[in-house]
Amino acid sequence: MPPPDSNADMSSLLAEYLAFLTDNRRMSPHSVRAYYATADRLAGFLQLHWGNDVTRVTLHQISSADMRAFLSDRRGDGLTNRSTARELSAARHFLRFALGDDVTLPVMKGPRVQRSLPRPINPDDVLALADDVAENAQDGWIGARDWALLLLLYGSGLRVSEAMALMGDILPLGSTLRVTGKRNKTRIVPLLEQVRTAMQEYLALCPYPVSADQPLFRGARGGPLSPALVRRAVQGARTRLGLSDRTTPHALRHSFATHLLAGGADLRSLQELLGHASLSSTQVYTAVDTAMLLDEYQNAHPRA
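Residues numbered from 1 in each chain as written. Predicted model: local features only at pLDDT ≥ 70, side-chain atom pairs only at ≥ 80, totals over all residues. Heavy atoms only, no water.

(A) Spatial organisation of the overall build of the chain. Looking only at helices and strands, the chain features 12 helices and 2 strands. Ordered by position in the sequence, the α and β elements of the chain form the string α-α-α-α-α-α-α-β-β-α-α-α-α-α. Burial analysis of the chain (304 residues in total) assigns 38% to the buried set. Surface summary for the chain: the accessible area is close to 17000 Å², and the carbon and sulfur share equals 50%. (Helix = DSSP H or I, 4+ residues; strand = E, 2+ residues; numbered from the N terminus. Buried < 20%, exposed > 50% of the residue type's maximum accessible area, 1.4 Å probe, protein only. Areas by Shrake-Rupley, 256 points an atom, 1.4 Å probe, with all protein chains shown as cover.)

(B) View of helix α6 (residues 140–156). Here α6 spans 24 Å end to end across 17 residues, near enough to the 24 Å set by a 1.5 Å rise per residue. Between a side-chain oxygen at the N-terminus of α6 and the backbone nitrogen of Trp141 the separation is 3.4 Å; the capping residue is Asp139. At the C-terminal side of α6, Gly157 shows a positive phi close to 70°. (Expected span 1.5 Å × (residues − 1). Polar contact = N/O pair within 3.5 Å; in protein donor to acceptor, adjacent residues only side chain to side chain.)

(C) Fine view of the environment of Asn52. Among the structural elements, Asn52 can be located in the loop between α2 (29–50) and α3 (64–75). For Asn52, a relative accessible area of 48% corresponds to the partly exposed category. Discounting chain neighbours no more than four positions away, the residues touching Asn52 are Leu46 and Gln47. (Contact = heavy atoms within 4.5 Å.)

(D) Representation of the pattern of salt bridges within the structure. In this structure the tally under the stated criterion is 9 salt bridges. A salt bridge links Arg145 to Asp146; the shortest N-O distance between them is 2.9 Å. Its salt-bridge partner being Arg187, residue Glu162 comes within 2.8 Å of it at the nearest N-O pair. Here Glu162 is found in helix α7 (residues 160–164), whereas its partner Arg187 is found in strand β2 (residues 186–190), with 25 residues between them in sequence. Classification of Arg187 as buried rests on a relative accessible area of 8%. Ionic contacts of the salt-bridge type, sharing partners, join the residues Arg41, Arg74, Asp77 and Glu87 into one network. (Salt bridge = Lys/Arg side-chain N within 4 Å of Asp/Glu carboxyl O.)

(E) A look at the environment of Lys109. Here Lys109 lies in the loop between α4 (81–99) and α5 (123–135). The exposed category is assigned to Lys109, whose relative accessible area is 76%. A sequence separation of 21 residues divides Lys109 from Leu88, and the C-alpha atoms of the two residues are 8.8 Å apart.

(F) View of the packing of α2 against α3. It is at 10 Å that the axes of α2 and α3 come closest, and there the two elements cross at 110°. For the element pair α2 / α3, the angle class is roughly perpendicular. With respect to the hand of their crossing, α2 and α3 are arranged in right-handed fashion. Of the residues in α3, those touching α2 at Thr38, Arg41, Leu42, Phe45, Leu46, His49 and Trp50 are Asp66, Ala69, Phe70, Asp73 and Arg74. Of the residues belonging to the contact of α2 with α3, the class tally is 6 nonpolar, 2 polar and 4 charged. (Axes fitted to C-alpha atoms, helices over the stretch in contact; angles between N-to-C directions. Parallel < 35°, antiparallel > 145°, perpendicular 65-115°, else oblique. Left-handed = near helix turned anticlockwise from the far one by under 90°. Nonpolar A, V, L, I, M, F, W, Y, C, P; charged D, E, K, R; others polar.)

(G) Geometry of the side chain of Arg196. Following the sequence through the fold, Arg196 ends up in helix α8 (residues 193–205). Buried and unpaired, Arg196 has Glu193 as its nearest opposite-charge partner, separated by 5.2 Å. A distance of 3.1 Å separates a polar atom in the side chain of Arg196 from the backbone oxygen of Gly174. If sequence neighbours within four positions are ignored, Arg196 has contacts with Leu173, Gly174, Ser175 and Leu191. (Lys, Arg positive; Asp, Glu negative; His and termini not counted.)

(H) A look at unusual backbone geometry. With omega at -5°, the peptide bond leading from Leu171 into Pro172 counts as cis. Structurally, Pro172 is set in the loop between α7 and β1 (176–180).

(I) Geometry of the pairing of β2. Of the two faces of β2, only the one carrying Arg187 and Val189 is buried; Thr186, Ile188 and Pro190 on the other face are not. Here β1 pairs with β2 via 5 bridges, running antiparallel. Residue pairing in the sheet places Thr176 in a bridge with Pro190 of β2. With antiparallel pairing between neighbouring strands as the criterion, β1 and β2 make up a hairpin whose turn holds 5 residues, including Arg183 at a positive phi of roughly 55°. (Pairing = 2+ DSSP bridges.)

(J) Seen up close, the packing of aromatic side chains. If you walk through the whole model with that rule in mind, you get 7 aromatic pairs. Between the aromatic rings of Tyr202 and Phe217, the centroid separation amounts to 5.6 Å while the plane-to-plane angle is 10°, which identifies the pairing as stacked. Of the two residues, Tyr202 is situated in helix α8 and Phe217 in the loop between α8 and α9 (227–241); the sequence distance between them amounts to 15 residues. Accessibility assignment for this pair places Tyr202 and Phe217 in one class, buried. (Phe/Tyr/Trp six-rings, centres within 6.5 Å; stacked < 30°, edge-to-face > 60°.)

Rendered as structure tokens:
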């Protein structure tokens, strides 16, 4: 009986994994690409490392030493501790899929990753940022669009990708907004009157009619607005205003969370508003709130 075609076997396994990531896990396209790329890199590395073909069967022999060698090789590509930890997590995810739940995976501790605290933006700086972006837009309706978008990110705590995914079917606007986030999970977020007014003014000026199946935020030529353009506009504004490099569109979401928590919001409610899968992701903002209070104390107290 001829030996199995190992290349075809691994290609088939990787194809099954890709389908699993896309269909079963409901990951974002970016996450799917990242997890699949790690699986492909691991298979290619093991073939060179072992000097033999890699198949579903031979994957069972993978050891902690093999995983350390793989991560060491990836370190040679310039990966940081955080990126190395993500690579290890993705590699283990692939091995769990390939080997099954009843197989014990190689024991391997990832590198220490110091969790950096989100940096919220002062409310006055948020308004100054949005105002500067709007004033420097190439057209009046684009300025109204950018003003509305940045207020939405701050006022409702949306991710940039979530705002870009909003369609005309959310109209007419009310006091809340249904948002589809990661893993296709939907949540209800508040739509403050000021934010709603800004969005309505943008829609009134937008030269492109917004139908139920069209993006709400449009680019200059009528297509979907690119997140890269939003980031570029914010980058220009923060340079002109002398704001920190950490002043990004995503930092507006951090500011939303931190300012709500400082105002008395409880963690469970904040978790729902942000669309976090676990409470631990939300708890980081308690440390941010404490750090902000400490900064204010040190700046204001005469003996601090």
